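Structural overview
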Amino acid sequence: MIRDFCCVEYEHCTACPKRCGVNRNAGERGFCGETAELRIAWVGLHFGEEPPISGAGGSGTIFLTGCNLRCVFCQNFQISQEGMGRAVTEQEFIEICLTLQNAGAENINIVTGSHAVPALGAGLRAAKQHGLTVPVVWNSSAYETAEALESIADTVDGWLPDLKTLNPETSRRVFAAPDYPEQACAAIETMARLSPLNLTPPDEQYPFGKMLSGVIVRHLALPGKLEDSQAVLRWFAQKLKGKALLSLMTQYTPITANSKARRIDAFSNRLLDESEDIQLRTFLEDLNIDDGFYQELVSDLDWLPDFNRVHTFSSALSKPLWHWKTGWVH
């Protein structure tokens, strides 16, 4: 076992709201499926994030293996639930961060690291000591504790959390976390407190400005559950309008490769339709939310990832630099 990332928090694990209590340092696996090893599945430049994140150079994304939720429709199920990925040492993690920076990445984008906060905090601090200067973005489900977020506030500049639902029944059936709404809301408010919104003036590379600090709250609308989306948007308008940006996504896609996804019965397992798209836009107008991003309704499936492949994402969206099967991509 690679032990660089053994952390005291893993002895009786309290790294996330699950508080499994297992000894990950001894090789036990938590709800997230992970031990103390830090495992990574894919590293590269990603051009499909929100404009203040991707910019011209692309976001330097690091996809972690494991997850503290079990979203039945997860597009990254191969790494979040099936364990694809390879353990890295602290020195390898530093090298990954610096290679992304040298490749022109606008930032380091940590994707789904909620279950590995202690290790990632240590790794990012070490990377900064070795010359990492680009901003760090924390891209997560927001199923995190305020204590965990505060523990990495010195390493993170911007936050890219999901706010999946405020409906406990939806979160129980779809995400295996009935406490998700309260945990996520508290986490996102903590993020906004830790990182006030700060965007550079718009220019050619960043038509909407570059995010130096702040929060972009993502919400993926689920087909047939627009009342859940309305509740999320209402909460955002009440709590964060003017303090954070909103990213409303309509890309829900049935993931036929995942057998669990084929058994979904908590909502309509289909693409959103045009009438739902119109209703979502109406919600935004009614709540006067106009500071953020709205995803155009499309039925193109080319963006779906396959972590078995080095070119996990479409070439139009990404440039791979490291893959869990091959290591560095040449």
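For the structure itself, look to the data block above.
Please read these numbers as outputs of a predicted model, since none were measured by experiment.

Burial runs high along strand β2 (residues 59-64): six of the six residues are buried. Where burial is concerned, the two faces of β2 agree: the one with S59, T61 and F63 and the one with G60, I62 and L64 are both buried. Sheet topology places strand β1 (residues 38-46) next to β2; six bridges connect them, and they run antiparallel. Note that in β2 the partner of W42 across the bridge is F63.

Below, the discussion takes up the layout of surface pockets. Considering only enclosed or pocket space, the largest pocket measures out at about 1200 Å³ in volume. Lining the largest pocket are 45 residues, and of these Q75, R218, M249, Q251 and W303 lie nearest its centre. Going through the elements one at a time, α2 (77-80), β5 (136-140), β8 (211-220), β9 (245-249) and β10 (292-294) are the ones with two or more residues in the lining of the largest pocket. Looking at the lining of the largest pocket residue by residue, the class counts come to 22 nonpolar, 15 polar and eight charged. As a volume, the second largest pocket reaches approximately 190 Å³. For the second largest pocket, the lining is made up of 13 residues, of which E9, P118, E147, A148 and S151 are closest to its centre.

So, on to the pattern of salt bridges. Across all of its chains, the model carries 14 salt bridges by this definition. With its nearest N and O atoms 3.0 Å apart, the salt bridge here joins R270 to E276. For E276, a relative accessible area of 6% puts it in the buried group. A cluster of three or more residues bridged by salt bridges with shared partners is formed by E49, E50 and R218.

It is worth spelling out helix α6 (residues 168-175) at this point. Taken together, the buried positions of α6 are T170, S171, V174 and F175. The buried residues of α6 all sit within an arc of 95° when viewed along its axis, so they share a single face. Looking at the buried side of α6, the elements it contacts are α7 (180-194) and α8 (226-239). A distance of 2.9 Å separates the backbone nitrogen of E169 from a side-chain oxygen at the start of α6, and that oxygen is part of N167. Looking one or two places after α6, you find A176, whose phi comes out positive at around 60°.

The biggest cluster of nonpolar side chains holds 99 residues, and the ones touching the most others in it are I62, F73, F93 and I110. Sorting elements by how many residues they give to this core places α7 first, with seven residues. Setting aside chain neighbours within four positions, we find F73 in contact with V174, F175, L220, L222, Y252, I255, A261, I264 and F267. Counting seven residues, the second-largest nonpolar core is a separate cluster that includes V137, L160, I216 and F293.

Moving on, we get to the side chain of H115. Looking at where H115 falls in the secondary structure, it is placed in the loop between β4 (108-111) and α4 (117-129). We classify H115 as buried; its relative accessible area is 3%. Beyond its immediate chain neighbours, meaning those up to four positions away, H115 contacts Y10, A15, R24, C32, E34, L64, T65, G66 and C67.

Among the secondary structure elements, R70 is positioned in the loop between β2 and α2. Taking the C-alpha atoms as reference points, R70 and E274, 204 residues apart in sequence, are found 28 Å from one another. If we ignore the near neighbours within four places in the chain, the residues touching R70 are F31, Q81, V174, F175 and A176. Here the side chain of R70 touches F31 through a polar contact of 3.1 Å, landing on its backbone oxygen.

Each packed pair of helices is defined by two parameters, the angle between the axes and the distance between the axes. It is the contact of α8 with helix α9 (residues 274-286), at a shortest axis distance of 10 Å, that shows an interaxial angle of 20°. With respect to each other, α8 and α9 are oriented roughly parallel. Seen from above, α8 lies across α9 with right-handed handedness. Judged by residue contacts, L226, S229, Q230 and L233 of α8 engage E276, Q279, L280, F283 and L284 from α9. Tallied by class, residues from the contact of α8 with α9 come to five nonpolar, three polar and one charged.

Rules of the game
- Residues numbered from 1 in each chain as written.
- Predicted model: local features only at pLDDT ≥ 70, side-chain atom pairs only at ≥ 80, totals over all residues.
- Heavy atoms only, no water.
- Buried < 20%, exposed > 50% of the residue type's maximum accessible area, 1.4 Å probe, protein only.
- Helix = DSSP H or I, 4+ residues; strand = E, 2+ residues; numbered from the N terminus.
- Pairing = 2+ DSSP bridges.
- 1 Å grid on protein atoms, 1.4 Å probe; cavity = no way out; pocket = protein on both sides within 12 Å on 5 of 7 lines; lining within 4 Å.
- Points joined across faces, edges and corners; volume = space filled by probe spheres on them.
- Nonpolar A, V, L, I, M, F, W, Y, C, P; charged D, E, K, R; others polar.
- Salt bridge = Lys/Arg side-chain N within 4 Å of Asp/Glu carboxyl O.
- Arc of directions from axis to C-beta.
- Contact = heavy atoms within 4.5 Å.
- Polar contact = N/O pair within 3.5 Å; in protein donor to acceptor, adjacent residues only side chain to side chain.
- Core = buried A, V, L, I, M, F, W, Y, C linked by side-chain atoms within 4.5 Å.
- Axes fitted to C-alpha atoms, helices over the stretch in contact; angles between N-to-C directions.
- Parallel < 35°, antiparallel > 145°, perpendicular 65-115°, else oblique.
- Left-handed = near helix turned anticlockwise from the far one by under 90°.

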